[in-house]
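Geometric and topological summary
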Amino acid sequence: AQSVTQLDSHVSVSEGTPVLLRCNYSSSYSPSLFWYVQHPNKGLQLLLKYTSAATLVKGINGFEAEFKKSETSFHLTKPSAHMSDAAEYFCVVRAGTYKYIFGTGTRLKVLA
Amino acid sequence: GAVVSQHPSWVICKSGTSVKIECRSLDFQATTMFWYRQFPKQSLMLMATSNEGSKATYEQGVEKDKFLINHASLTLSTLTVTSAHPEDSSFYICSAPGTGENIQYFGAGTRLSVL
């Protein structure tokens, strides 16, 4: 069965410092993995996706994630946090043709 | 990218009434749409898969008579919460897969508050 585990429920960083949001996955085959961001009272926006092409995936707003099969990880990073990055981030694995399994989310707080 | 519109964005209703939430794909057709529920400070849980022209497929533990889904056309799916109770208060989000793409497009969500 497919699953994802987001290792931190809350992450706080100072503006201008790097961001690391951790996600581990479990899959019996090569997974399709995604990161979505949700701002307060807003829908979900796709940041990036991995679908067995390049292991380093670049997304929008300066975010990127690296697929590491040996570590079963798909961590999300950004070199320099911006205040507007404060939001909830979800790591997601595709579990069927259209079925998505969401992680429990990581709330990112950016301090001025 | 593709746009999924969800309406209303916020609804308050009395206990015992029914509430209908609409999910529309604005610039593409979606034979399949998905309905999720998000509890406060928790992740999204898939409730059901809405299929155009056929019955919806519900996830285990979701009451199909409580959450009625109708996929009336290739661009519209509706979720009706029947005889709503305070425990049905939640954030409901729909999604639709992009044509030929391996991603989902999500609506902005509907916050339901049942008094």
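The following paragraphs examine the structure supplied in this document. (Residues numbered from 1 in each chain as written. Chains lettered and ligands numbered in written order. Predicted model: local features only at pLDDT ≥ 70, side-chain atom pairs only at ≥ 80, totals over all residues. Heavy atoms only, no water.)

**Let's talk about the interface of chain B and chain A**
Using the following cut-off: Throughout, a contact is declared for two residues whenever any of their heavy atoms are within 4.5 Å. A pair is scored as a salt bridge if a Lys or Arg side-chain nitrogen falls within 4 Å of a carboxyl oxygen belonging to Asp or Glu. The definition of a polar contact used here is a pair of N or O atoms within 3.5 Å, where within protein one atom must be able to donate a hydrogen and the other to accept one, and adjacent residues in sequence count solely through side-chain atom pairs. The way it works is that DSSP assigns letters per residue, a run of H or I at least four long becomes a helix, a run of E at least two long becomes a strand, and they are numbered from the N terminus. Each residue receives one of three labels: charged for Asp, Glu, Lys and Arg, nonpolar for Ala, Val, Leu, Ile, Met, Phe, Trp, Tyr, Cys and Pro, and polar for the others, Gly being one of them.
Residue-level contacts link 19 residues of chain B with 19 residues of chain A. Seen at the junction of chain B and chain A, the total is 0 salt bridges. One can count 4 residue pairs in polar contact (both at pLDDT 80 or more) joining chain B with chain A. Those elements that place two or more of their residues in the side of chain B that touches chain A are strand 4 (32–38), strand 5 (44–51), strand 9 (90–97) and strand 10 (104–106) of chain B. The biggest single contributor to the side of chain B that touches chain A is strand 4 of chain B, with 4 residues. Here the side of chain B that touches chain A is built from residues that sort into 10 nonpolar, 7 polar and 2 charged.

**Regarding unusual backbone geometry**
Stated precisely, the cut-off is as follows: Under the scheme applied here, a residue whose accessible area is under 20% of the maximum for its type counts as buried, over 50% as exposed, and between as partly exposed, the area being computed with a 1.4 Å probe on protein chains only.
Put simply, B:His7 and B:Pro8 share a cis peptide bond, and its omega is 0°. Checked against the element boundaries, B:Pro8 lands in the loop between strand 1 (4–7) and strand 2 (10–13). Despite not being glycine, A:Thr72 has its phi angle at roughly 45°, a positive value. Mapped onto the fold, A:Thr72 is located in the loop between strand 8 (64–68) and strand 9 (73–78). A relative accessible area of 32% means that A:Thr72 is categorised as partly exposed. Phi angles above zero are rare outside glycine, and B:Ser83 is one such case at about 45°. One can find B:Ser83 in the loop between strand 8 (76–81) and strand 9.

**Brief notes about the pairing of strand 9 of chain B**
Residue and element names in this part refer to chain B. Cut-off, in case you're wondering: One bridge is not enough; two strands pair if DSSP finds at least two bridges between them.
By the criterion of burial, strand 9 is predominantly enclosed, with 8 of the 8 residues buried. Burial of strand 9 is two-sided: the residues Ser90, Tyr92, Cys94 and Ala96 facing one way and the residues Phe91, Ile93, Ser95 and Pro97 facing the other way are all buried. Across 5 bridges, the pairing between strand 4 and strand 9 is antiparallel. Bridged to Gln38 within strand 9 is Phe91. Here strand 9 runs beside strand 11 (residues 110–114); their pairing, made up of 3 bridges, is antiparallel. From the neighbouring strand, Tyr92 faces strand 11, where its bridge partner is Thr110. Direction of pairing for strand 9 relative to strand 10: antiparallel, over a ladder of 3 bridges.

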